[in-house]
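Overview (structure and organization)
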Amino acid sequence: MKNIDINAAYKPEGIEGEGYFLTTLDKVVGLGRKNSLWPLPFATSCCGIEFMATMAAGYDLSRFGSERLSFSPRQADLLMVMGTISKKMGPILRHVYEQMAEPKWVMSVGACACSGGIFDTYSVLQGIDRVIPVDVYVPGCPPRPEQIIEGFMKIQHLVETESLRRRESEEYKKLLGTYGIQ
Amino acid sequence: MLVNELGQLVQDKLTLNFGEGSSKLEYHYDFPVFIVSKDKLYDILTFLKEDKDLSFKYLTTMCGVQFPNAQPELEFGLMYQLHNMEKNYRIRLKVFMPKSDLNMKSITTIWSAANWMEREAFDFYGFNFIGHPNLKRILNMEEMNYHPMRKEYPLEDATRHDKEDKYFGR
């Protein structure tokens, strides 16, 4: 049999022997969460089209364990906001965020979601971080699928390495408090 | 029918029924435009819809306008565009009013289609349509406390900070 060089999945630090592997629980949980993120696509405009390309066979987001999109916020881990959010849409976005169960992460894709973009006008929310906390910002107008994937990998890094108890920390509660979210 | 024949036909009918000087006829490109007085508009629209020869049964569109540099009594206006689908007649009506008096009789009783269009004109310019069944904002969020298309308000969002001079070394 030919010796094939297989690019094996990442393995956390631990003690290894014949037939067993020992590591800490938070690393195992982090590994599991990282590779099975269920994103909720909140797509309102052209960034959403780029996301469709990201999901489709060419770029294939399922390589990162995210082939299962969740269109219900209750089962989603990652809120991906892609596109212009008008001020009228702001409370709806916030409502969606509040319905998601912990742990949850938010990714803001594209110039409009990050800062309002070219829509410096009375009707457009000047960045979604005015209504919900954001973990990763992806710039671009619209960003290419590679950029969305890089943003997604940054989220994965957060998911893998952050403390399992981060969500109970004083700092996190304070952050949510600034948004008026319990 | 030629455009100027149509314009003259409607103008004659309006003069006959509403008196001399009740409407002023203009042509914008190939479109007859009638400038009428505010208090007669409702009756004129009813007449244009009911009249057997004209029967403008379809309200194509209506909207508000503002000319900030015009004289005060011509500053705000409403535009109504009508269509006779059988004969393909199309005309436009305009009324003007000062900022101090933006009250207008609602035409929802003539065309139900005017409901959302009047709400839009209210939302963006603050026209008050008397008799409208549900006069509230339609496109902007309800908490908004001004009428954003009025020229006295800036178009930009007042809360945006990334265009401040310090970021550009000014």
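For the structure itself, consult the block above.
So, here's what we can say about the structure. Just so it is clear, the structure is predicted and the values come from calculations on it, not from any experiment.

Residue and element names in this part refer to chain A. Space inside the largest pocket adds up to approximately 180 Å³. Listing elements by their share of the lining of the largest pocket, those giving two or more residues are α1 (25-34) and α5 (145-161). A breakdown of the residues in the lining of the largest pocket according to their chemical character gives 4 nonpolar, 3 polar and 5 charged. In this model, the second largest pocket occupies a volume close to 160 Å³. In terms of residue count, α5 provides more of the lining of the second largest pocket than any other element does, 3 residues in total. Its residues assigned to classes, the lining of the second largest pocket comprises 2 nonpolar, 2 polar and 3 charged.

Right, let's get into the sheet that holds strand β4 (residues 78-82) of chain A. Residue and element names in this part refer to chain A. Taken together, 4 strands build an open sheet; the order of strands is β3-β4-β5-β6 and the sheet is parallel. Lying at the two open borders of the sheet, with one neighbouring strand each, are β3 (39-43) and β6 (136-138). Taken pair by pair, the neighbouring strands of this sheet meet at an average axis angle of 15 degrees, ignoring direction. Bridge count between β3 and β4: 5 bridges; the pairing is parallel. Paired with alanine 43 across the strands is methionine 82, a residue of β4. Seen against the sheet, helix α3 (residues 90-99) touches β3, β4 and β5 (105-109) and runs at an angle of roughly 165 degrees to β4.

A few words on the interface of chain B and chain A. Contact residues are listed per partner, giving 16 residues for chain B and 13 residues for chain A. Interface area for chain B against chain A, summed over the two sides, is near 1200 Å², with a carbon-plus-sulfur share of 46%. On the chain B side of the interface with chain A, the three residues burying the most area are B:Met141, B:Asp157 and B:Arg160, jointly 47% of the side's total. The interface formed by chain B and chain A includes 1 salt bridge. B:Asp157 is the partner of A:Lys87 in a salt bridge, and the nearest nitrogen-oxygen pair spans 2.4 Å. Across the contact surface, chain B and chain A share 4 residue pairs in polar contact (both at pLDDT 80 or more). Here the residues of the side of chain B that touches chain A are counted per class, giving 9 nonpolar, 3 polar and 4 charged.

Right, let's talk about the pattern of salt bridges for a bit. Residue and element names in this part refer to chain B. All chains considered together, the criterion is met by 12 salt bridges over all chains. Residues lysine 24 and glutamate 26 are paired through a salt bridge, measuring 3.0 Å at the closest nitrogen-oxygen approach. Several salt bridges converge on common partners, so that one network encompasses Lys13, Asp51 and Asp53.

About the cut-offs
- Residues numbered from 1 in each chain as written.
- Chains lettered and ligands numbered in written order.
- Predicted model: local features only at pLDDT ≥ 70, side-chain atom pairs only at ≥ 80, totals over all residues.
- Heavy atoms only, no water.
- 1 Å grid on protein atoms, 1.4 Å probe; cavity = no way out; pocket = protein on both sides within 12 Å on 5 of 7 lines; lining within 4 Å.
- Points joined across faces, edges and corners; volume = space filled by probe spheres on them.
- Helix = DSSP H or I, 4+ residues; strand = E, 2+ residues; numbered from the N terminus.
- Nonpolar A, V, L, I, M, F, W, Y, C, P; charged D, E, K, R; others polar.
- Pairing = 2+ DSSP bridges.
- Axes fitted to C-alpha atoms, helices over the stretch in contact; angles between N-to-C directions.
- Contact = heavy atoms within 4.5 Å.
- Buried area = accessible area lost by both parts, 1.4 Å probe.
- Salt bridge = Lys/Arg side-chain N within 4 Å of Asp/Glu carboxyl O.
- Polar contact = N/O pair within 3.5 Å; in protein donor to acceptor, adjacent residues only side chain to side chain.

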